[in-house]
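# Analysis of the macromolecular model
Listed below, chain by chain, are the residues.
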Amino acid sequence: MALIKDQQLSLEHAATPELRFSDWLSDGPNSADAVLANGDDDLPSLLTHASKLSMIALEFDTFADGRGFSMARMLRRAGYQGEIRAVGDVAMDRIDFMQRVGFNAFELRDDQDVTQVLSKFGEVTVHFQPSADGKGPSYMA
Amino acid sequence: MYAYNQYDQALVDQRVDQYRDQTRRYLAGEIPEDEFRILRLMNGLYIQRLAPMLRVAIPYGLMKSQQMRSLAEISRVYDKGYGHFTTRQNMQFNWPTLESVPDILGDLAKVQMHAIQTSGACIRNTTTDPFAGVSADEIEDTRPWCELIRQWSSLHPEFAYLPRKFKIAVSGSASDRAASQVHDIGLHLYRNDAGEVGFEVLVGGGLGRTPVIGKTVKKFLEPQELLSYLEAVLRVYNLNGRRDNKYKARIKILVNALGVDTFGNMVEAEWEQLKGGDLRLPWSEIDRVKGFFTGPDYLAVEHAQNDLADAFVQHPQFATWYRQNTRDHKQGGYRIVVVALKNQLQAPGDVSHQQMDGMAALADEFSFGELRSTHDQNLVLADVAQRDLLALWFKLQDIDLARANVGTLTDMINCPGLDFCSLANAETLVLSRQINETFDDMDYQYDIGDIQLKISGCINACGHHHVGHIGVLGVEKGGKQVYQFTLGGSASKDASLGKTLGRSIEQDQVVVVIGQILDVYVELRETDETFLQLVRRVGFAPFKERVYGTHQRSAA
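Here's a quick rundown of the structure. Since the model is a prediction, treat every value here as computed from it, not as a measurement.

### What about the overall build of chain A?
- Counting secondary structure elements, chain A contains five helices and six strands.
- From first element to last, N terminus to C terminus, chain A shows the α and β order β-β-α-β-α-β-α-β-α-β-α.
- The C-alpha atoms of chain A give 15 Å as radius of gyration, which agrees with the globular expectation for 141 residues (14 Å, within 12%).
- Dimensions along the principal axes, computed over C-alpha positions, put chain A at roughly 45 × 35 × 25 Å.
- Of the roughly 6000 Å² that chain A leaves accessible, carbon and sulfur atoms contribute 47%.
- Across chain A, the 13 positively charged side chains and the 22 negatively charged ones have centroids separated by 7 Å.

### Considerations on the pattern of salt bridges
All names here are of chain B.
- What the rule picks out here adds up to 52 salt bridges over all chains.
- Here D137 and R177 are joined by a salt bridge, their closest N and O atoms 3.0 Å apart. Separated by 40 residues along the polypeptide, D137 in the loop between strand 6 (127-128) and helix 5 (143-153) and R177 in the loop between strand 7 (168-171) and strand 8 (185-191) bring together distant segments of the chain.
- Residue D137 is classed as partly exposed on the basis of its relative accessible area of 28%.

### Some remarks on the interface of chain A and chain B
- If you look at the interface, chain A gives 34 residues, while chain B gives 42 residues.
- For the chain A and chain B pair, buried surface summed over both sides reaches about 3400 Å², with 57% attributable to carbon and sulfur atoms.
- In this assembly, chain A and chain B are joined by eight salt bridges.
- Close ionic contact of A:R73 with B:E231 constitutes a salt bridge, the shortest N to O distance being 3.0 Å.
- Every element with two or more residues in the side of chain A that touches chain B is listed here: helix 3 (67-77), helix 4 (92-101) and helix 5 (114-120) of chain A.
- Considering each element in turn, the side of chain A that touches chain B owes the most residues, seven residues, to helix 3 of chain A.

Each value, and the rule that gives it
Residues numbered from 1 in each chain as written. Chains lettered and ligands numbered in written order. Predicted model: local features only at pLDDT ≥ 70, side-chain atom pairs only at ≥ 80, totals over all residues. Heavy atoms only, no water. Helix = DSSP H or I, 4+ residues; strand = E, 2+ residues; numbered from the N terminus. Rg over C-alpha atoms; globule rule 2.2 N^0.38 Å. Areas by Shrake-Rupley, 256 points an atom, 1.4 Å probe, with all protein chains shown as cover. Lys, Arg positive; Asp, Glu negative; His and termini not counted. Charge placed at Lys NZ, Arg CZ, Asp CG, Glu CD. Salt bridge = Lys/Arg side-chain N within 4 Å of Asp/Glu carboxyl O. Buried < 20%, exposed > 50% of the residue type's maximum accessible area, 1.4 Å probe, protein only. Contact = heavy atoms within 4.5 Å. Buried area = accessible area lost by both parts, 1.4 Å probe.

Everything listed is a geometric property; what it means functionally is a separate question.
The structure is reproduced here in structure tokens:
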């Protein structure tokens, strides 16, 4: 699975964590600094502990599950500056939105062509609402 | 109306390119079927029973004549020469090919139109009162607010994969002509005791399987915080709405499960983080958008008006049409004209390419080049000078759109039903044909007076049957198409959900039952009592007795 980080194909990077956030909580906050979470996790708790983590992987079990978008947004709003990695059903047609809400790393689904994926960042240059990327609304720039 | 700047144009153009690439990759086998389905739905493309169907957005129902002409041309080039206006003020083409849709979207973009988010689990077209900006009973024009919501909701990166679709409606007058109480969010512009204009926010209304009247979650929302508050509602919904069962995924289910107070508190907590921030609308932006809706260059009343008394005498049918199809305008000398798409020849809401071109020309000649669509599948020419009404009426006759039946039995809402829709359980168009044939006596219809008949071909209720004075729901039982009647629904300020009258009715008995229901009304009504008023006064017993022949009080 190719990983895109900071809008480039990444050749060296930390593996996607397998440790679930809920287990990390019970193991004790110093057990690891990277977790895997999804929409079923306790978001307020994740927001509270995020500063202890260098990477939070948010899982999209199916592309229809849009909770990860709000989770990333709220993590960035809370000031989280670590890596937010999208994993699971991650495909080029959602990459631009994911980036806008605060994901900065993307573990692509196996069928995705990396070159094509990279071309999708900034596919739509006009934004009508503010988001975690600090852009928009375009007309108010 | 709103005019695109370079950003608006760039957005739709880029969106067309994006979708063209998605279509290319899909046809090359590079996008899985279920994934492309979501992508095409977000560009308004359904695959229906007989053909793909494309739903074009008409933001808050407002169009200019050039756009109507483009719709006509698209129907000729890519479709079968007609289109269909929907209960959310949008317009549908029933026969495009999947491959041609990028080109259709490209043609739409040239006239500042699109099909963005007209389907899918995202924020849909924001709808409103078709008389916004011209009605005498208006508190404030809703259209600038609809435009602000449209922009904020378009390609919103966080809310493209909601648990389910999300529909917002805005009402700005004492009457509610936007059915706002049966929307996921209904916004009511009003003036509070301090004289300030703001929004009452209702959440969790809706029809379909589990109809609900929306509940007030915020009594008075300051207008500058409209978008921040909407964002808070959507975020709470995106994170907490059910995703395990698509029939339990709308926000109404969440509001019911949590209770309106708990839900409201969750929204307030999120809104605390948002208000006063970069979603707060500066008055400069509000005024900029309001500036697009300041109204046309009306003639002075002495030039606009006309003494129509002679015309009424010479053309009695014109007098009838005036009474039935025109409404009071806040500008002296002007009338609002409702053009019913409910003639006896076409399916309710359908319009041929000739009629579309005709309406565009009439808009140019008589209504400052603009038209509106309504949520009951009609069109509106909002600014017609009185002196032009007779000429307009003659020209409407030329395109078969002069039927003087607005507000009557035959001004029905009717979804396309089993003839077209892959979700449907029963035919509906056969009913509208039979109703038109049986009740073709307009004097009888005028005597019946104000009545709203709404017909849906399945439980998804696109025909709004729950809020019909008479509602008809087509179902399939044991291989047969049968129809359930409801009475007493209303989508107005006094919103209510209809209740089932009794056991299902066979298809060929539907017009008989409608006739029986109307007979009971005529027999029992008091002076000036409308059908809905009578139902609310006398209840169901007289109707049940007539239709089912029962003298028992228990439910059939």
